[in-house]
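What follows is each chain in one-letter form.
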Amino acid sequence: MTAKQFFKSTAFKCIAVLLSIVLICGILLTICNSLFYVSAEERTARAVAKVFPGEEVTFEEDSVNTRYADTNNYTVEQAFTMTGTREGQYLLSIIGKNGYNSGTVTCWILVDAVSGTAADPGSFNGISKVVITGNEKQSFINNIGDSDIQAVIDRQDEDGFSAYSSSGITTGATFSLGAITNAMNGAKTYTESVYCGLVNPYEEWIASANITSATTYTVEDGVVTYNIVTAANSPAASFTIEIVVGTDKTITSYTILVDGTQNWSSDAIYDSFVGKDAAFFAGVIGENGEIRDNSNFGSNGISTGATFSNYLCLSAALFATANYDTAVAEGGNA
Amino acid sequence: MATFIAMVLSAVLTNNFITVQTLGICPFLGVSKKTSSALGMGVAVTIVMALAAAVTWPIYEYVMVPLGFEFLEIIVFIFIIASLVQMLEMIIRKLSPSLYNAMGVYLPLITTNCAVLGVCELVIDESAMAGLLGGAAVNFGWAVLYSLFSGIGFTLIMVIMSGMREKLNHVKIAKYMNGFPISMVTAALICMAFMVFTYIA
Amino acid sequence: MNKYKKITLDGIIFNNPTFMLVLGTCPTLGLISNALSALEMGLTVIVVLTLSNMIISALRNLIPNEVRIPCYIVVIATLVTLIRMVLDKFLPDVYEALGNLLALIVVNCIILGRAEAFANKHTVAESAVDGVATGIGFTMALTVMGIICEFLGKGSLFGLQIMDFSIGLFSTPAGAFIIFGLSICAFTAIIDNFQRAKRVKANKLARENLLGADEAGNQTVEEVKA
């Protein structure tokens, strides 16, 4: 077949027509794609707008703090700080887990909170809105009405939200509501940890039971200087104690800056803490800072008549010495 | 292994293309009069589904996504499926004329079977696949296996349906119920039976 | 104008794509548990079908017979992609509700079927009318079944709760199959009886005319029949 014949053949016509149609369609689609492209920001704005029907809202998207975002009960997907008219609220896109049939519920949760830092903590003031946007395997989720969710929102106590039937909420979708409650508790924990600064950064440290998040420390040449703010141990109030731990992991200086006692303690006793290491304090109050036995105090030569204050001061001392390695590794936070 | 079993159960039983997702209904109603033809169609669809996913998945993940051409997915996918069907038809005709005679008539119909395009669209949807695989990340192997077992699930329902329709031939059916209406009511019964599997996953 | 009336009636009733031809069953079964989604799907199909009919009809003398199917598919796929983009941009709720079924309009047999059976043999105007009519037939069938299915399944109409009851079966594919099957049965029965009544009436009329003609004595039977 010559070239001329080929160009006149049906085969050529078929290929030419098909190719030109594909080409025209491709070009048309590319143009339209650039015209109608929906950017990720627009998609986010659209999703947020659904939570606030008929309302113009402004917000800033925050990067999700991965340390607090994913647990067995929930996953925080997106986090927003609301600005403008809804200042003081935070919006979280969060997946509640462990629903019916091991499925999940995806919701947007709007929380009220006062922001803060570890030194100046804010507070979590409750949930003002829960919008369910999706679910996986929750066949009966339509049984959950707005009033049921409101009932869970209203049932907040210090441990968080609770939804099970002992709290009087019966929906016919107990497990789905459980997943939503997991998401709500997740929103509380995440907000408290990330925005309010309420999380105790010393949670993982040894003997931190009586140490509050207001505690700071610095490390210099292997010498750790703590500024420990203890919890209250009624009737004793919170102490603020400056403790310096030297390279040999013993206390080199112990100064009470804010005294929470009822004036019964004796500086002489606290002076005797100098030169002692973690093993000594653990022998007195136990490795986790629990009160073992009051008699331990006396047998170690600590007897003041101010047991509760002593306990706090010993906790601080144990915390300071036992966490020397951790403190050096972390490098200080003041 | 657990993921594999969960995937097989999901593809064949709990997320069956016909009874749960209602895709591929045209051949399901059209080619289920006889068991032999239903089986032929089912096998042909299974092969095309697995092949289509094996071709479209890498093209989408490694060519279209990096180039930002996701919006062309429908055209590209349908073209790939049509070409695959055409190619398969030629290969079968060349290699095994007897198989071609048995299966050939169903092959061209597969291009417009929405189960095939449906499975290609499904395996590129990461969130949907994560749900079906119990959280495991989708890769090429899972995508192809899922398509293959979806096809097997499709074949299973086709064969069950054809068995019931062969029995229906011996029954007198009211005039206006004959044909499509009675097939659909039969299909509804199969769907109801398969709904039970939703509770095991 | 009579030609257009016939095309319209055929598309909506006598060749109703859903009840008479039983095409496009997948989106039908997938969406009839929700009347609103069914209506949205129907409207989308009207747009795609009308445009694809017009384009294919306009190109009918250009496209060689050998490659017509791939050409039709490319045109339809382009239209579906376009409508997906437009919906995603301007009506995101509809886009979400229809989900993957939107992409599957490409393989909806109604559209390819009309291209093959009608558009490549008729003018652009006729094809447009056919597209709109067939689309309306599809939409009406889908919406009617959607209303029945949603009411039985959830006690609601277009998302509005009107009665406090629900039969879970009708929210599942099984219920959709039952409603679809019974609807086909009812529709064919009605059309069939309507046509028979029309035929009986026509026959009666013809007989009367015949008798009258005989009396008048100047008309033949053939003339009456014509």
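Since this is a predicted model, take the numbers as computed values, not measurements. (Residues numbered from 1 in each chain as written. Chains lettered and ligands numbered in written order. Predicted model: local features only at pLDDT ≥ 70, side-chain atom pairs only at ≥ 80, totals over all residues.)

A. Summary view of the overall build of chain A. Looking only at helices and strands, chain A has 11 helices and 11 strands in total. Burial status across chain A gives 32% buried among its 334 residues. At a minimum sequence separation of 6, the contacts of chain A that also span at least 24 residues come to 57%. (Helix = DSSP H or I, 4+ residues; strand = E, 2+ residues; numbered from the N terminus. Buried ≥ 20, exposed ≤ 12 C-beta atoms within 10 Å, placed from the backbone. Contact = placed C-beta atoms within 7 Å.)

B. Expanded view of the overall build of chain B. A count of helices and strands for chain B gives 10 helices and 0 strands. Going from N to C terminus, chain B has its helices and strands arranged as α-α-α-α-α-α-α-α-α-α. Dimensions of chain B, computed from C-alpha atoms along their principal axes, come out at roughly 60 × 45 × 30 Å. Within the span of chain B, comprising 201 residues, buried residues form 48% of the whole. For chain B, the share of sequence-separated contacts (at least 6 apart) that also reach a separation of at least 24 residues comes to 78%.

C. Quick look at the interface of chain B and chain C. Listed by partner, the interface residues are 29 residues for chain B and 33 residues for chain C. Counting only elements with at least two residues in the side of chain B that touches chain C, the list comes to helix H2 (25-30), helix H4 (73-95), helix H7 (114-123) and helix H10 (180-195) of chain B. Here the side of chain B that touches chain C takes 9 residues from H10(B), the largest share from any one element. Partitioned by chemical class, the residues of the side of chain B that touches chain C number 23 nonpolar, 5 polar and 1 charged. (Nonpolar A, V, L, I, M, F, W, Y, C, P; charged D, E, K, R; others polar.)

D. Broad picture of the interface of chain C and chain A. Facing the 17 residues of chain C at the interface are 15 residues of chain A. With 11 residues, helix H4 (residues 68-90) of chain C is the single largest residue contributor to the side of chain C that touches chain A.

E. The sheet that holds strand S10 (residues 240-245) of chain A, seen in detail. All names here are of chain A. The sheet built from 4 strands is open, its strands ordered S8-S9-S10-S11 with antiparallel pairing. Bordering the open sheet on either side are strand S8 (216-220) and strand S11 (251-258), each of which pairs with just one other strand. Averaged over all pairs of adjacent strands, the angle between strand axes in this sheet comes to 10°, irrespective of strand direction. With 6 bridges connecting them, strand S9 (residues 223-229) and S10 associate as antiparallel partners. Looking at the pairing, Tyr 226 lines up with Ile 243 of S10. (Pairing = 2+ DSSP bridges. Axes fitted to C-alpha atoms, helices over the stretch in contact; angles between N-to-C directions.)

F. Representation of the environment of A:Asn98. Residues and elements named next belong to chain A. In this structure, Asn 98 sits in the loop between strand S3 (89-96) and strand S4 (104-114). Judged by the 16 C-beta atoms lying within 10 Å of it, Asn 98 is partly exposed. Spatially, the C-alpha atom of Asn 98 lies 7.5 Å from that of Phe 175, the residues being 77 residues apart in sequence.

G. Here's a closer look at the environment of B:Ile25. Within the secondary structure layout, B:Ile25 lies in helix H2. By the C-beta count within 10 Å, which is 26 here, B:Ile25 ends up buried. Separated by 89 residues in sequence, B:Ile25 and B:Cys114 place their C-alpha atoms 8.2 Å apart. Discounting residues that sit within four places of it in the chain, B:Ile25 has contacts with B:Ile18, C:Thr25, C:Cys26 and C:Leu29.

H. Spatial organisation of the environment of A:Val105. Residues and elements named next belong to chain A. You can see Val 105 is positioned in strand S4. Val 105 gets classed as buried once you count the C-beta atoms within 10 Å, which come to 32. Taking the C-alpha atoms as reference points, Val 105 and Phe 175, 70 residues apart in sequence, are found 10 Å from one another. For Val 105, the residues in contact, after removing those within four places along its chain, are Gly 96, Gly 99, Ile 132, Asn 135, Gln 138, Ile 141, Ser 176, Ala 179, Ile 180 and Ala 183.

I. Structural context of the nonpolar core. Membership of the largest hydrophobic core comes to 126 residues, with the highest contact counts inside it found for B:Val116, B:Leu117 and C:Val106. Look past the residues within four positions of C:Val106 in its chain and what remains in contact with it is B:Ile74, B:Ile78, B:Leu117, C:Ile76, C:Ala77 and C:Val80. Listed in part, the 40 residues of the second largest apolar core include A:Val111, A:Ile127, A:Ala183 and A:Cys196. (Core = buried A, V, L, I, M, F, W, Y, C linked by C-beta atoms within 7 Å.)

J. The packing of helix H2 (residues 10-36) of chain A against H4(C), seen in detail. At a minimum axis separation of 10 Å, H2(A) and H4(C) run at an interaxial angle of 0°. Viewed along their axes, H2(A) and H4(C) adopt a mutual orientation that is roughly parallel. On H4(C), the residues touching A:Val17, A:Leu18, A:Ile21, A:Val22, A:Cys25, A:Leu28, A:Leu29, A:Cys32, A:Asn33 and A:Phe36 of H2(A) are C:Pro70, C:Cys71, C:Val74, C:Val75, C:Thr78, C:Thr81, C:Leu82, C:Met85, C:Val86 and C:Lys89. Each residue belonging to the contact of H2(A) with H4(C) can be placed in one class, and the counts come to 16 nonpolar, 3 polar and 1 charged. (Parallel < 35°, antiparallel > 145°, perpendicular 65-115°, else oblique.)

K. The arrangement of the pairing of S8(A) in detail. Residue and element names in this part refer to chain A. As paired elements, S8 and S9 share 5 bridges and run antiparallel to each other. Opposite Thr 218, over in S9, you have Thr 225 as the bridge partner. From the end of S8 to the start of S9, which pair antiparallel, there are 2 residues, and Asp 221 there has a positive phi angle of about 50°.

L. Seen up close, the sheet that holds strand S5 (residues 123-136) of chain A. All names here are of chain A. With respect to topology, 5 strands assemble into an open sheet ordered S1-S2-S3-S4-S5, the strand pairing being antiparallel. Two strands lie at the open edges of the sheet, namely strand S1 (58-62) and S5, each paired on one side alone. The mean inter-strand angle of the sheet, taken between neighbouring strand axes irrespective of direction, is 25°. Alignment of strand S2 (residues 74-83) against S3, held across 7 bridges, turns out to be antiparallel.

M. The packing of helix H3 (residues 35-58) of chain C against helix H7 (residues 124-154) of chain C, seen in detail. Residues and elements named next belong to chain C. Where H3 meets H7, the axes come as close as 8 Å, and the angle between the chain directions of the two elements is 165°. One way to sum up the angle between H3 and H7 is to call them roughly antiparallel. By crossing handedness, the relation of H3 to H7 is classed as right-handed. (Left-handed = near helix turned anticlockwise from the far one by under 90°.)

N. Representation of the confidence of the model for chain A. Confidence in the prediction of chain A, expressed as mean pLDDT, is 79, and 85% of residues score 70 or more. Model confidence for chain A, summarised as mean pLDDT per element, is weakest for helix H9 (residues 294-299) of chain A at 57 and strongest for S3(A) at 90. (pLDDT = per-residue confidence, 0-100.)

O. Structural context of unusual backbone geometry. All names here are of chain A. The residue Asn 98 is not glycine, and still its phi comes out positive at about 60°. Of note in the backbone geometry, Asp 221 takes a positive phi value of approximately 50° without being a glycine. Looking at the element boundaries, Asp 221 is found in the loop between S8 and S9.

P. Geometry of the confidence of the model for chain B. The predicted model of chain B has a mean per-residue pLDDT of 85, with 95% of residues at 70 or higher. The complex prediction reports pTM at 0.72, with the ipTM value standing at 0.86.

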